[in-house]
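Fold and contact review
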Amino acid sequence: MKKTLLVLLLIASLITTAFAAKGQEVMLGVSSGFNEEVEFHENFDPTTRDIVPIKADALFYLGDSLAFNTALGMDIYIHNSDSSDPSVGFVADILAYYRMNIGKNADFLVGGGAAYKYKGETTEIGPLNMTTYKHTLALLASLRLQLGITDNISAFAGADIGYNIVNIVGGSSDLGSGGSSDDTGETIMPWAIKAGVNYKF
């Protein structure tokens, strides 16, 4: 819980900095890529979950050396079983970067932040409906390459790797009066590659 509060305080301070900064540049766009969550179990081989994200992306340049990025969207979970349809969850990323200019129209961003994910699903088991949900919060290290194509249009590519500090799962059924939740205690490490385009206002 203390870790979660510290992350939320960091996010609040970054948002305050972003809106207080003078002379900032704002870029809005879309991104996609490939994510994988690697879950480690005691005495078992790690298991993985494959995810394709689709996000709206906002990048703020705060002066010459700082950048702030937030992205909201959905995760499409690709199940290993051919008989299972993909499922969808919600994702929100907040990242702060140190900005390094590496050319006339290119910037390399190095930093980190946090990613929150929520996934809920309802399954029919005979005559009953079973609802399950999962909340996770990960701390991330992040790299991003920003390339200017025109004065207003840019393309970007990046990579993230992190560690989940919150893994809460729960569920309920038609027989139950409500849901329950529990921190699984599992070690989950997400990583991602991503790319997209954005427009500078």
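Residues numbered from 1 in each chain as written. Predicted model: local features only at pLDDT ≥ 70, side-chain atom pairs only at ≥ 80, totals over all residues. Heavy atoms only, no water.

A short note on the nonpolar core
Proteins that are soluble and globular tend to have nonpolar side chains buried together. Within the largest apolar cluster, 10 residues are counted, these being M27, L59, Y61, A67, L95, Y97, L109, A115, A138 and L140. Those elements that place two or more of their residues in this core are β2 (44-62), β4 (87-103), β5 (106-125) and β6 (128-148). By size, the runner-up hydrophobic cluster in this structure holds five residues, among which are F60, L62, F68 and I94. (Core = buried A, V, L, I, M, F, W, Y, C linked by side-chain atoms within 4.5 Å. Buried < 20%, exposed > 50% of the residue type's maximum accessible area, 1.4 Å probe, protein only. Helix = DSSP H or I, 4+ residues; strand = E, 2+ residues; numbered from the N terminus.)

Some words on a nonpolar patch on the surface
Taken together, the side chains of L28, I149, I153, Y199 and F201 present a nonpolar region at the surface, about 520 Å² in accessible area. With respect to the helices and strands, the residue L28 is situated in strand β1 (residues 25-41). (Patch = residues over 30% accessible without salt bridge, like charges linked within 9 Å, V, L, I, M, F, W, Y side chains within 5 Å. Areas by Shrake-Rupley, 256 points an atom, 1.4 Å probe, with all protein chains shown as cover. Salt bridge = Lys/Arg side-chain N within 4 Å of Asp/Glu carboxyl O.)

Points about the confidence of the model for the protein chain
On average, residues of the protein chain score 84 in pLDDT, and 78% of them are at 70 or above. Within the protein chain, strand β9 (residues 187-200) carries the highest mean pLDDT (96), whereas helix α1 (residues 2-20) carries the lowest (54). (pLDDT = per-residue confidence, 0-100.)

What about the layout of surface pockets?
Its boundaries defined by the atoms lining it, the largest pocket holds a volume of some 300 Å³. As for the largest pocket, its lining consists of 18 residues, and the residues nearest its centre are E37, R49, Y77, K119 and K134. Among the secondary structure elements, those contributing two or more residues to the lining of the largest pocket are β2, β3 (66-78), β5 and β6. Considering each element in turn, the lining of the largest pocket owes the most residues, five residues, to β5. Of the residues belonging to the lining of the largest pocket, the class tally is four nonpolar, seven polar and seven charged. Of the pockets and cavities examined, the second largest pocket occupies roughly 250 Å³. Residue lining of the second largest pocket: 15 residues in total, with K104, N105, D107, G148 and K200 positioned closest to the centre. Mapped by element, the contributors of at least two residues to the lining of the second largest pocket are β1, β4, β5 and β6. Residue composition of the lining of the second largest pocket, grouped by class: three nonpolar, six polar and six charged. (1 Å grid on protein atoms, 1.4 Å probe; cavity = no way out; pocket = protein on both sides within 12 Å on 5 of 7 lines; lining within 4 Å. Points joined across faces, edges and corners; volume = space filled by probe spheres on them. Nonpolar A, V, L, I, M, F, W, Y, C, P; charged D, E, K, R; others polar.)

What to know about the pattern of salt bridges
One pass over the full model with this rule turns up eight salt bridges. When the shortest N-O distance is used, the salt bridge between K200 and E25 registers 3.8 Å. Of this pair, K200 sits in strand β9 while E25 sits in strand β1, and the two are 175 residues apart along the sequence. D57 is the salt-bridge partner of R144, the closest N and O atoms lying 3.2 Å from each other. Separated by 87 residues along the polypeptide, R144 in strand β6 and D57 in strand β2 bring together distant segments of the chain. For D57, a relative accessible area of 4% translates into the label buried. Where salt bridges share partners, they join E37, E39 and R49 into one cluster.

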